[in-house]
Amino acid sequence: MDQNILKQQVAAAAIEYITPHLREDMIIGVGTGSTANCFIDQLAALRHRFDGTVASSEASAERLKSHGIPVYDLNSVKEMPFYIDGADETNAQLELIKGGGAALTREKIVASVAREFICIADESKLVQRLGKYPLPVEVIPMARSAVARTLVQLGGTPAWREGVTTDNGNIILDVYDLNIVDAPQLESAINDIPGVVTNGLFAIQPASVLLLAGVNGVQKLTR
């Protein structure tokens, strides 16, 4: 089945999931990427049923605003029931690799505030073991080479994503060849490297719910 159709289907499933809980004072966290864009476009029809959103990237903020959906700074938000975002990879434990769109840091921050992180993806993103997709690591520019050397010591092959600057003004190293057996441990180890802002493993705090679109419809997985 066409992947764009699957993205539309899983976005619709997320809309169906949150709709019964919408309130006029509710703030919804919204992620970044093509699947999140499908969710944003469908959320527009409900924009009068909730207060507004927090976006994990400038691109998502602009898309939300184009639909007339208010976007708030996270510092002004006290409560966020839901964060909805896609993933580059997920396993059965709902541990994720994210960051293909270079928004991993803000995605991780917004997800940490939400009571429930709803991951929306198509079945091609479900893997037995994380790591076939290169792991993005956001790095302060002056530390690029030092961080890369340490990532090599951890068994990875880092590659600078040239020409890409994050919304935070940093660079991305994509790490190939990682053998991710213990995702929370690796997430912590990489985050401890001086110069690393964060990495794209969402394992210490995985998704709460995974909505997965496939040829037989959308299935719901929980931890």
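The notes below deal with the structure included here. Think of each chain on its own: its residues are numbered from 1, step by step along the sequence as written. Two thresholds apply to this predicted model, a pLDDT of at least 70 for residue-level local features and 80 or more for giving and counting side-chain atom pairs, whereas whole-chain, interface and lining totals are computed over all residues. Side-chain descriptors were evaluated using all non-hydrogen atoms of the structure, hydrogens and water having been removed beforehand.

A closer look at the pattern of salt bridges
Step number 1: For salt bridges, the criterion is a side-chain nitrogen of Lys or Arg within 4 Å of an Asp or Glu carboxyl oxygen. The full count for this structure, using the stated rule, is nine salt bridges.
Step number 2: Across the pair Glu58 and Arg106 runs a salt bridge whose closest N-O atoms are separated by 3.1 Å. Of this pair, Glu58 sits in helix H3 (residues 58-66) while Arg106 is found in helix H4 (residues 104-113), placing the two residues 48 residues apart along the sequence.
Step number 3: Judged by its relative accessible area of 24%, Arg106 falls in the partly exposed class.
Step number 4: What emerges from the salt-bridge pattern is a single network uniting Arg23, Asp25, Glu79 and Arg115. Counting from the N terminus, the helices are DSSP H or I runs at least four residues long and the strands are E runs at least two residues long. Only protein chains enter the accessibility calculation, which uses a 1.4 Å probe; a residue is then buried when its area is under 20% of its type maximum, exposed when over 50%, and partly exposed in between.

As for a nonpolar patch on the surface
Step number 1: Patches here are clusters of residues that have more than 30% relative accessible area and form no salt bridge, with a 9 Å joining cutoff for like charges and a 5 Å cutoff for nonpolar side chains (Val, Leu, Ile, Met, Phe, Trp, Tyr). To measure how exposed things are, a 1.4 Å probe is used in the Shrake-Rupley method; for residues, cover is taken only from the protein chains shown. Taken together, Ile140, Met142 and Val197 make up a surface patch of nonpolar side chains, about 310 Å² in accessible area.
Step number 2: Turning to its location among the elements, Ile140 is positioned in the loop between strand E7 (135-139) and helix H5 (144-153).
Step number 3: Its relative accessible area of 39% is what places Ile140 among the partly exposed residues.

Quick word on the sheet that holds strand E11 (residues 201-202)
Step number 1: Overall, antiparallel pairing links the three strands, which are arranged E4-E5-E11 in an open sheet. Single-partner strands in this sheet number two, and they are strand E4 (89-90) and E11.
Step number 2: In this scheme, strands are said to pair when DSSP sees at least two bridges between them. In this structure, E4 lies alongside strand E5 (residues 96-97), joined through two bridges in antiparallel fashion. Residue pairing across strands places Thr90 opposite Leu96, the latter belonging to E5.

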